[in-house]
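# A structural walkthrough
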2 protein chains.
Amino acid sequence: MNNAHQIQTSVDPVIFTVFDMKLHILLVKRNIEPYKDCWALPGGLVDEKLDQDLHSAALRKLKEKTNVTTHYLEQVETLGSASRDPRGWSVTVVYFALVTVPEENLSAAHGASEVRWEEVGKNGVAVPLAFDHEKLVKAAVERLRAKVSYTTVAAGLLAEPFTFLDLQNIHEIILNRKVEKKSLMRRYESSELLTEVNETRKEGRMRPAKLYRLKDRETVHYFVRTMEGPR
Amino acid sequence: MNNAHQIQTSVDPVIFTVFDMKLHILLVKRNIEPYKDCWALPGGLVDEKLDQDLHSAALRKLKEKTNVTTHYLEQVETLGSASRDPRGWSVTVVYFALVTVPEENLSAAHGASEVRWEEVGKNGVAVPLAFDHEKLVKAAVERLRAKVSYTTVAAGLLAEPFTFLDLQNIHEIILNRKVEKKSLMRRYESSELLTEVNETRKEGRMRPAKLYRLKDRETVHYFVRTMEGPR
DNA sequence: CATTTAAGAGTCAATGTGACACTATATTAA
DNA sequence: TTAATATAGTGTCACATTGACTCTTAAATG
């Protein structure tokens with residue numbers, strides 16, 4: 001029972017952002033074997049010295065690859081088996097993080113020769129990923145979609161201030177379907193999470209939209225019911 | 001990065017059952033340090049040789065402590081930190097399992113000097129637990145309650161055949177509140193998960209209740225809406 | 001000042017819910 | 001044979017929330 005075991009423990013954050021009206025995740029190109037030159041999640045081994053706990057290990061990985069800060073980091077699931085890494089038994093804890101649209105860009109440091117935002121389509125990303133990372137991404141996307149359909153987490157992705165249309169777009173992009181304007185508005189009204197600011201217009205000669213900020217970027221409101229989708 | 005690290009990896013199943021109209025979980029008394037003679041979850045280290053993956057590691061732990069089989073095993077969350085075990089960095093993957101009411105009883109083998117079913121009250125169990133196991137139990141109970149309020153998992157706890165009242169009781173015991181008969185009936189009807197069998201009566205001189213079986217013990221039906229509780 | 005066009009408020013049928021009243025039925029006692 | 005009993009199971013309804021749709025509002029432009 002007291003065998004000094006050799007199970008590798010890592011964290012794999014799936015970092016989401018939205019730009020160009022598409023959902024994206026952050027990938028890094030591996031520069032060591034196994035799966036050298038293959039795209040992978042920006043994860044890595046938990047460091048006994050550096051990391052107090054799993055959550056901060058995930059935050060550290062996040063910081064190493066991007067300059068942006070997260071308003072949301074949630075554990076998704078943990079996969080562990082003898083076969084998922086050719087080097088032997090390994091366990092990885094999958095997280096998903098939401099970051100606002102990146103302006104200054106990525107730091108291709110820390111063992112990653114390349115870093116990039118990859119579009120998430122209907123069936124995950126278009127490139128093959130190392131290890132079982134496609135499965136991890138799938139799980140994270142499912143969780144994100146579920147969460148967005150019954151909470152206000154998606155609002156955290158927006159740069160402030162934002163219009164209601166921005167909010168609606170974020171939901172539609174992540175859920176990959178139309179969302180009823182009025183329905184979403186009602187939900188955010190009852191969440192009491194938005195504060196109005198001033199005004200602006202988006203395109204030429206139309207009525208300007210109100211601008212909002214979040215009262216508290218840390219708070220996530222749960223809708224009384226999940227968004228049901230089209231009838 | 002390639003430091004041979006020493007993170008201990010374990011699984012901790014929270015095994016639920018219902019008898020005497022109360023929710024219970026299985027605990028074992030530790031017979032080694034640390035926390036010797038303290039009650040704990042029936043978990044243990046993942047064994048690289050024995051276990052193919054985390055799920056089967058949890059099943060193995062379950063089998064070592066009870067003779068019953070599970071119809072439901074679900075991963076809850078993973079906790080890992082430098083401080084949760086005095087011996088150093090450790091990670092544990094928490095599962096929750098549902099088993100039918102135990103008849104032949106527990107095997108107090110495998111490093112546990114004592115095994116027992118402990119009642120789960122409003123605030124978890126009444127005895128202090130080793131490590132952070134109270135937190136793990138709390139997380140598992142929350143997840144169980146959530147799941148029971150929007151799925152048919154609870155039905156898996158019943159020995160077949162069962163009456164509708166049995167089903168209602170199971171829900172009420174786990175959720176720790178009254179559940180509307182008609183509301184629950186509607187949900188199970190639309191789940192199309194029950195098959196009628198014959199008849200029986202429970203107490204003396206009243207109308208006998210129909211007996212049911214589950215069409216498929218593996219299938220879990222998701223209700224269209226969460227049970228909302230009293231108005 | 002009329003026109004344009006999206007913002008955003010109003011309205012409504014459909015759905016599912018909790019609550020509670022009501023009916024059905026096997027057993028037992030008269 | 002029949003009435004009483006007590007739980008099993010069904011009927012009904014007000015209420016809340018939803019998706020869908022329509023209507024009003026308002027700044028900017030020409």
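Parameters at a glance
Residues numbered from 1 in each chain as written. Chains lettered and ligands numbered in written order. Predicted model: local features only at pLDDT ≥ 70, side-chain atom pairs only at ≥ 80, totals over all residues. Heavy atoms only, no water. Contact = heavy atoms within 4.5 Å. Buried area = accessible area lost by both parts, 1.4 Å probe. Salt bridge = Lys/Arg side-chain N within 4 Å of Asp/Glu carboxyl O. Helix = DSSP H or I, 4+ residues; strand = E, 2+ residues; numbered from the N terminus. Nonpolar A, V, L, I, M, F, W, Y, C, P; charged D, E, K, R; others polar. Buried < 20%, exposed > 50% of the residue type's maximum accessible area, 1.4 Å probe, protein only. Near = heavy atom within 4 Å. Polar contact = N/O pair within 3.5 Å; in protein donor to acceptor, adjacent residues only side chain to side chain.

### Notes on the interface of chain A and chain B
In this complex, chain A contributes 26 residues to the contact, which on the side of chain B involves 26 residues. Counting each side, the surface lost to burial between chain A and chain B is near 2600 Å², with a carbon and sulfur contribution of 51%. One can count zero salt bridges joining chain A with chain B. Going through the elements one at a time, β1 (8-19), α1 (54-65), β5 (70-81) and β6 (90-99) of chain A are the ones with two or more residues in the side of chain A that touches chain B. If you tally residues by element for the side of chain A that touches chain B, the top one is β5 of chain A, at six residues. A class-by-class count of the residues in the side of chain A that touches chain B yields ten nonpolar, nine polar and seven charged.

### Details of the pattern of salt bridges
All names here are of chain A. The full count for this structure, using the stated rule, is 28 salt bridges over all chains. The residue glutamate 118 makes a salt bridge to arginine 116 at a minimum N-O spacing of 2.8 Å. Among the residues examined, glutamate 118 registers a relative accessible area of 11% and is labelled buried. With its nearest N and O atoms 3.6 Å apart, the salt bridge here joins glutamate 160 to arginine 217. Remark: arginine 217 occurs in the segment after β9 (209-214) and glutamate 160 occurs in the loop between α2 (133-150) and α3 (164-175); sequence separation between them is 57 residues. One salt-bridge network, held together by shared partners, links Asp51, Arg60, Lys61 and Glu64.

### Regarding the protein's contact with DNA strand D
In the vicinity of DNA strand D there are 26 residues, among which Ser183, Arg186 and Arg207 of chain A together with Lys181 and Lys182 of chain B approach most closely. Expressed as a percentage, the sugar and phosphate content of the atoms of DNA strand D within 4 Å of the protein is 56%. Separating a base nitrogen of DNA strand D from a side-chain N or O atom of lysine 182 of chain B is a distance of 2.6 Å. Contributing elements (two or more residues each) for the surface near DNA strand D: α4 (181-191) of chain A together with α3 (164-175), α4 (181-191) and β9 (209-214) of chain B.

Keep in mind that these numbers describe shape and distance, not what the molecule does.
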